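Structure assessment
So the chains spell out like this:
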Amino acid sequence: MSERRQLINLAYRLLGSLADAEDVVQETYTRWYAMTRQEQDAIANPGAWLTKVAGRICLNLLGSARVRRETYVGEWIPEPLPDPAEWNTGAAGGAGVDPADRITLDESVTMAFLVVFESMTPAERVAFVLHDVFRYPFAEVAEIVGRSPAACRQLATSARRRVTAARAGASPDATRQARVVRRFKAAWENQDIEALIGLLDPAALAVSDGGGRALARLLPLQGAEPIAHLYLMVARLAPPRAILERSVNGLPGLAVESEGRIETVFSFRVDEHDRITHIWAVRNPDKLLPWQLP
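Anyway, here's the lowdown on the structure attached to this text. In this text, all values refer to a predicted model and were calculated from it rather than measured experimentally. (Residues numbered from 1 in each chain as written. Predicted model: local features only at pLDDT ≥ 70, side-chain atom pairs only at ≥ 80, totals over all residues. Heavy atoms only, no water.)

1. Some points on the overall build of the protein chain
The number of helices and strands found in the protein chain is 12 helices and 6 strands. The C-alpha atoms of the protein chain give a radius of gyration of 20 Å, which matches the 19 Å a tight globule of 294 residues would have. Dimensions of the protein chain, computed from C-alpha atoms along their principal axes, come out at roughly 65 × 40 × 35 Å. Within the protein chain, the proportion of its 294 residues that are buried is 49%. Intrachain contacts of the protein chain at a sequence separation of at least 6 include 64% that bridge at least 24 residues. (Helix = DSSP H or I, 4+ residues; strand = E, 2+ residues; numbered from the N terminus. Rg over C-alpha atoms; globule rule 2.2 N^0.38 Å. Buried < 20%, exposed > 50% of the residue type's maximum accessible area, 1.4 Å probe, protein only. Contact = heavy atoms within 4.5 Å.)

Shown next as structure tokens:
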């Protein structure tokens, strides 16, 4: 059971869903306990065995129709995670969250990274996460992916190119992003259209995920002016609510609270010129359970 947190961290990065990650870990342990004690004792490294099984389960899920989101309503965005301190107190995670299961928040779980992972093939994603994030040698990655070590090296290289391209022009500085997000929040609350437009890159992209469970745009919206006008309309038509500065997947973001519940979580990508290039808004209530009060 000491491997549980490692497995949760691996599965979340591969699947972009905490609920699916927990299911993968449960299935992994089911297979472990289905073996006899003699079979378990014959495994020299149980942690490596568990990782291999979890990786293969994730690979199968990534290739399935369910995870390809073929029937998902609208855009699919990875599940956002609150700040670890909020999981400690239960203020965001609720009574069912075990602090030992918290995701380690680093660059590989920022929303920008997880969205890039979605553009990879399942094999690319598994090879990159296992090797570049968790530092598994390609010989072990090959056993999970079912390809040669050389082929896995090529998969990871291809995935790395996508990650490098996504990093280009981004500002990884959390302090700078916090300032930009705070200015965006103020402009939105004050319904200042010019300030909103000025904070957005001219080619900014806004993506919403309601999953058919909450009102959300079915297609991404591009352009500073259309995005600013949309947010201004929301500010004018929506009922009274609080816009909170919150950590989202380890970076400054926003959460909208209405009647004691978080109804939307916003992630941002900010460039080196302090302009917002991407906004990801998760409204699907199934993905916001870790954010709700018990």
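So much for the structure itself; the text now carries on.
2. Some words on the packing of aromatic side chains
What the rule picks out here adds up to 10 aromatic pairs. Pairing Phe-184 with Tyr-231 gives two aromatic rings, centres 5.6 Å apart and planes at 80°, and the pair type is edge-to-face. Taken together, the residues Phe-184 in helix α10 (residues 174-189) and Tyr-231 in helix α12 (residues 224-237) connect sequence positions 47 residues apart. For the residue pair Phe-184 and Tyr-231, the accessibility class agrees, reading buried in each case. Each ring, one from Trp-188 and one from Phe-266, has its centre 5.5 Å from the other, and the planes form 85°; the classification is edge-to-face. With Trp-188 in helix α10 and Phe-266 in strand β5 (residues 261-270), this residue pair connects regions lying 78 residues apart in the sequence. Taken individually, Trp-188 and Phe-266 each receive the classification buried, so the pair is uniform in this respect. Grouped by ring-pair contacts, the aromatic residues Phe-184, Trp-188, Tyr-231, Phe-266 and Phe-268 constitute a single cluster. (Phe/Tyr/Trp six-rings, centres within 6.5 Å; stacked < 30°, edge-to-face > 60°.)

3. Comments concerning the packing of helix α2 (residues 18-33) against helix α4 (residues 46-62)
One can describe the packing of α2 onto α4 by two numbers: an axis separation of 9 Å at closest approach and a directional angle of 130°. In terms of orientation, α2 lies oblique with respect to α4. With respect to the hand of their crossing, α2 and α4 are arranged in right-handed fashion. On the side of α2, the interface is formed by Val-24, Glu-27, Thr-28, Tyr-29, Arg-31 and Trp-32, while α4 contributes Pro-46, Trp-49, Leu-50, Val-53, Ala-54, Ile-57, Cys-58 and Leu-61. Residue composition of the contact of α2 with α4, by class: 11 nonpolar, 1 polar and 2 charged. (Axes fitted to C-alpha atoms, helices over the stretch in contact; angles between N-to-C directions. Parallel < 35°, antiparallel > 145°, perpendicular 65-115°, else oblique. Left-handed = near helix turned anticlockwise from the far one by under 90°. Nonpolar A, V, L, I, M, F, W, Y, C, P; charged D, E, K, R; others polar.)

4. Brief notes about the sheet that holds strand β6 (residues 276-282)
Picture the strands of a sheet paired through backbone hydrogen bonds; they go either parallel or antiparallel. With mixed pairing, the 6 strands of this open sheet are ordered in space as β2-β1-β6-β5-β4-β3. The two strands at the open ends of the sheet, each matched to only one other strand, are β2 (221-222) and β3 (242-248). Taken together, the 7 bridges between β3 and strand β4 (residues 251-258) define a ladder with antiparallel strand orientation. If you follow Ser-247 over to β4, its bridge partner there is Pro-252. (Pairing = 2+ DSSP bridges.)

5. Some remarks on the pattern of salt bridges
Tallying each qualifying case throughout the model produces 14 salt bridges. For Arg-167, the salt bridge is made with Glu-107, and the minimal N-O distance between the two is 3.1 Å. With Arg-167 in helix α9 (residues 149-167) and Glu-107 in the loop between α5 (84-89) and α6 (111-118), this pair connects stretches of sequence that are 60 residues apart. (Salt bridge = Lys/Arg side-chain N within 4 Å of Asp/Glu carboxyl O.)

Any functional reading would require information that these geometric values do not contain.
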